[in-house]
Amino acid sequence: MTTLKEKYVNEIAPALMKELGAKNALMVPKLSKIVVNMGMGLKDKDVAKKHVDELAAITGQKPIVTKAGKSISNFKLREGNQVGAKVTLRGRMMYDFLDRLINAALPRIRDFRGISAKGFDGSGNFTLGIKEQSIFPELDPNSISDTQGMDITMVTTARSDADALALLKSLGMPFAEKK
C-alpha cells in the first residue's frame, strides 16, 4: 500500500505541474504543515487533561497546552489558565493524519456532503472546523464524556487559493460541489 506522500511525489506533483503550468518542480504547491487546534475554554483540569489525551491519540503526537496570555475578569479568565491545546504535524506524521482524516474520519460525519471551500485565507492555506472529536476512529465513542471541536489548518506553499484548492482536491479532500 502506498502512502499519501509517495502518491504525491509520484503522481500528484507531476500532474499538478502540468495543470498549473509550473516551469520547475519547486513551483508545484505542497503541504508544509498541518496544525490541529482544540480550544477548550475554562474547564476542570481533569477534563482538560482528557481532551489533551484525546488530541494526542488523534494526531499521534503530544500536544502543547496553550495558556491565557492575559486576565479578563468578565470571562473569569486568569493569566496562565489552560485554554486549549495544539499540535503541529510535519513530514510523515502530517501525511498519515491527512490520510486518516480524508479516508476514515470525514466519511463518519452524519449527512456528509463534502467540505465547504470557503475556508481558504487568501494565501493558499485552508482551515477546516470539526464539531466533534468522536468522528476519529482512534477514539472509543463510549469513553467520550463530552464533545469537543477542533480546527485543522493545512498550510501549503501555494501562492493562491486556486492552487491550494487544486492541491487539496488532488490529495483527495472531498470538497462540496458548488450549487
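Scroll up a little and you will see the structure.
These notes cover the structure that comes with them. This one's a predicted model, so the numbers in the text were calculated from it and none came from an experiment.

## Notes on the overall build of the chain
Looking only at helices and strands, the chain features four helices and five strands. Secondary structure of the chain in N-to-C order comes out as α-β-α-β-β-α-β-β-α. Dimensions of the chain, computed from C-alpha atoms along their principal axes, come out at roughly 55 × 35 × 35 Å. For the chain, the residues scored as buried account for 35% of the 179 residues in total. The contacts in the chain between residues at least 6 apart in sequence include a share of 66% that link residues at least 24 apart.

## Quick word on the sheet that holds strand β5 (residues 150–156)
The five strands lie next to each other as β2-β3-β1-β5-β4, forming an open sheet whose pairing is antiparallel. This sheet does not close on itself; its edge strands, each paired only once, are β2 (64–67) and β4 (126–130). Going from strand to strand, the sheet's axes swing by 25 degrees on average, the running direction of each strand aside. By the bridge criterion, six bridges tie strand β1 (residues 31–39) to strand β3 (residues 82–89) in an arrangement that is antiparallel. From the neighbouring strand, Asn 37 faces β3, where its bridge partner is Lys 86.

## Points about unusual backbone geometry
Excluding glycine, most residues fall at negative phi; most peptide bonds, likewise, are trans. Here Asp 111, not a glycine, exhibits a phi torsion of approximately 55 degrees, which is positive. Mapped onto the fold, Asp 111 is located in the loop between α3 (91–105) and β4. For Asp 111, a relative accessible area of 66% corresponds to the exposed category.

## Quick notes on helix α2 (residues 45–59)
Taking 1.5 Å as the rise per residue, α2 with 15 residues should run 21 Å; its terminal C-alpha atoms sit 21 Å apart, in good agreement. Those residues of α2 that sit buried are Ala 48, His 51, Val 52, Glu 54, Leu 55, Ile 58 and Thr 59. Angular distribution of buried residues about the axis of α2 spans 160 degrees; they occupy a single face of the element. Of the exposed residues in α2, the ones pointing more than 90 degrees away from its buried face are Lys 45, Asp 46 and Lys 49. At the exit of α2 stands Gly 60, carrying a positive phi of roughly 80 degrees.

## Digging into the pattern of salt bridges
Inspection of every chain in the model, using the stated rule, returns three salt bridges. The residue Glu 138 makes a salt bridge to Arg 100 at a minimum N-O spacing of 2.5 Å. Of this pair, Glu 138 sits in the loop between β4 and β5 while Arg 100 sits in helix α3, and the two are 38 residues apart along the sequence. Accessibility expressed as a relative area gives 30% for Glu 138, which makes it partly exposed. Arg 100 gets classed as partly exposed once you look at its relative accessible area, which sits at 27%.

## Things to note about the packing of aromatic side chains
Between two aromatic rings, the relevant description is the distance of the centres plus the angle of the planes. Per the stated rule, a full pass over the model turns up four aromatic pairs. Aromatic pair Phe 120 and Phe 175: ring centres 6.2 Å apart, planes at 25 degrees, arrangement stacked. In this pair, Phe 120 is assigned in the loop between α3 and β4 and Phe 175 in the segment after α4 (161–171), connecting sequence segments 55 residues apart. Take Phe 120 and Phe 175: they sit in the same class, and that class is buried. Between Phe 126 and Phe 175 the ring centres are 5.4 Å apart and the planes differ by 75 degrees, which places this aromatic pair in the edge-to-face class. A residue pair is termed long-range when its members are at least 10 positions apart, and Phe 126 in strand β4 and Phe 175 in the segment after α4 qualify at 49 residues. Here the two residues Phe 126 and Phe 175 agree in accessibility, since each one is buried. Counting every residue linked through ring pairs, the aromatic cluster contains Phe 120, Phe 126 and Phe 175.

About the criteria used
Every chain begins its residue count from 1, and numbering advances along the sequence as written. Restriction of local features to residues with pLDDT of at least 70 applies here, the model being predicted, together with a cutoff of 80 or more for giving and counting side-chain atom pairs; totals for whole chains, interfaces and linings are based on all residues. Side-chain measures here rest on the full set of heavy atoms in the structure, leaving out hydrogens and waters. In this text, helices come from DSSP runs of H or I with a minimum length of four residues, and strands from runs of E with a minimum of two, each type numbered from the N-terminal end. Using a 1.4 Å probe on the protein chains alone, a residue whose accessible area is under 20% of its type maximum counts as buried, one over 50% counts as exposed, and one in between counts as partly exposed. Contacts between residues were defined by any pair of non-hydrogen atoms, one from each residue, lying within 4.5 Å. Two strands are counted as paired when DSSP detects at least two bridges linking them. Orientation is described by lines fitted to C-alpha atoms, with helices fitted over the stretch in contact, and by angles between N-to-C directions that extend from 0 to 180 degrees. Given a helix with a known number of residues, its expected span is that number minus one, times 1.5 Å. Starting at the helix axis, one direction is taken to each C-beta atom, and the arc is that of these directions. Any Lys or Arg side-chain nitrogen found within 4 Å of a carboxyl oxygen on Asp or Glu counts as a salt bridge. Side-chain rings of Phe, Tyr and Trp, where Trp is taken by its six-membered ring, are said to pair if the distance between their centres is within 6.5 Å; with planes under 30 degrees apart they count as stacked, over 60 as edge-to-face, and otherwise as tilted.

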